Amino acid sequence: MTDAAVSRAQGGPMPRAQLADSLTHVELTHVEKRIENWIRFGHEAHEQVLDRRRRVFSFRPGSLFAFVRWAANDFGTIISRIDIVRAVAPGEAYQTLPFVRPGGDILLKIEGWPKVEQVLRHIDAVEARGIDACDVAPDHWRHVGNRIGAGHEPRAYTLERHAAWLKRREIGL
């Protein structure tokens, strides 16, 4: 199999140097009023500009990021989606996700603009408390996804919950 065939088989023309590293790569596209993919939060390790409409953000294993996708056609919105993902280490199990290579641990997956907007408001509320959304407990993002997906309001992420998470993380639980 040629390098070009390997690249196509893995979902697209990602630069060859990125296929062998330990980072998780997210391809972002912005075509005005048609396709808008963006990162709502996350600390990227690297950014590569492919052209004026496309970029690739790369994340270290273990880091969290929120990936928002929106697309429309002549008749209106066809997809609104937010995923909160934990970047995985090489050899670790992962779930596949469009535009994310190799994939990640999907903590939250919400579709439909009203629910996506609710998640974005929740992220804003977390950040308004002075907490970086990247440092929030992964279980909280699962909780938010499950509650919003079921049509319920998620619990607030308080400073007390965050302090408890930081202590659990420190001792390795």
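Side note on the packing of aromatic side chains
In this structure the tally under the stated criterion is two aromatic pairs. Their ring planes at 25 degrees and their centres at 5.7 Å tell us that Phe41 and Trp141 sit as a pair that is stacked. In this pair, Phe41 is assigned in strand S2 (residues 35-41) and Trp141 in helix H4 (residues 138-149), connecting sequence segments 100 residues apart. Assigned by exposure class, Phe41 and Trp141 land together as buried. Seen in terms of ring centroids, Phe59 and Phe65 are 4.3 Å apart; in terms of plane orientation they differ by 10 degrees. Their pairing is stacked.

Quick word on helix H3 (residues 113-128)
The terminal C-alpha atoms of H3 lie 22 Å apart, and with 16 residues this matches the ideal 22 Å at 1.5 Å per residue to within 8%. For H3, the complete set of buried residues consists of Val116, Gln118, Val119, Leu120, His122, Ile123 and Val126. Tucked into the core, H3 has its buried residues touching S2, strand S5 (64-73), strand S6 (76-87), strand S8 (100-111) and H4. Downstream of H3 by a residue or two, Gly130 has a phi angle that is positive, lying close to 85 degrees.

Topic: the nonpolar core
Generally speaking, nonpolar side chains in soluble globular proteins are found buried as a group. Counting residues in each nonpolar core, the largest one holds 24 residues, and the members touching the most others are Phe41, Ile82, Ile84, Ile123 and Trp141. Counting residues per element, the ones that place at least two in this core are S5, S6, S8, H3 and H4. Among the elements that take part in this core, H3 stands out by supplying five residues, more than any other. Those residues in contact with Ile123, other than ones at most four positions away along the chain, are Arg40, Phe41, Ile82, Ile84, Ala133 and Trp141. Judged by nonpolar contacts, the second largest core, of twelve residues, contains Val26, Phe57, Val85 and Leu97.

About the thresholds
- Residues numbered from 1 in each chain as written.
- Predicted model: local features only at pLDDT ≥ 70, side-chain atom pairs only at ≥ 80, totals over all residues.
- Heavy atoms only, no water.
- Phe/Tyr/Trp six-rings, centres within 6.5 Å; stacked < 30°, edge-to-face > 60°.
- Helix = DSSP H or I, 4+ residues; strand = E, 2+ residues; numbered from the N terminus.
- Buried < 20%, exposed > 50% of the residue type's maximum accessible area, 1.4 Å probe, protein only.
- Expected span 1.5 Å × (residues − 1).
- Contact = heavy atoms within 4.5 Å.
- Core = buried A, V, L, I, M, F, W, Y, C linked by side-chain atoms within 4.5 Å.

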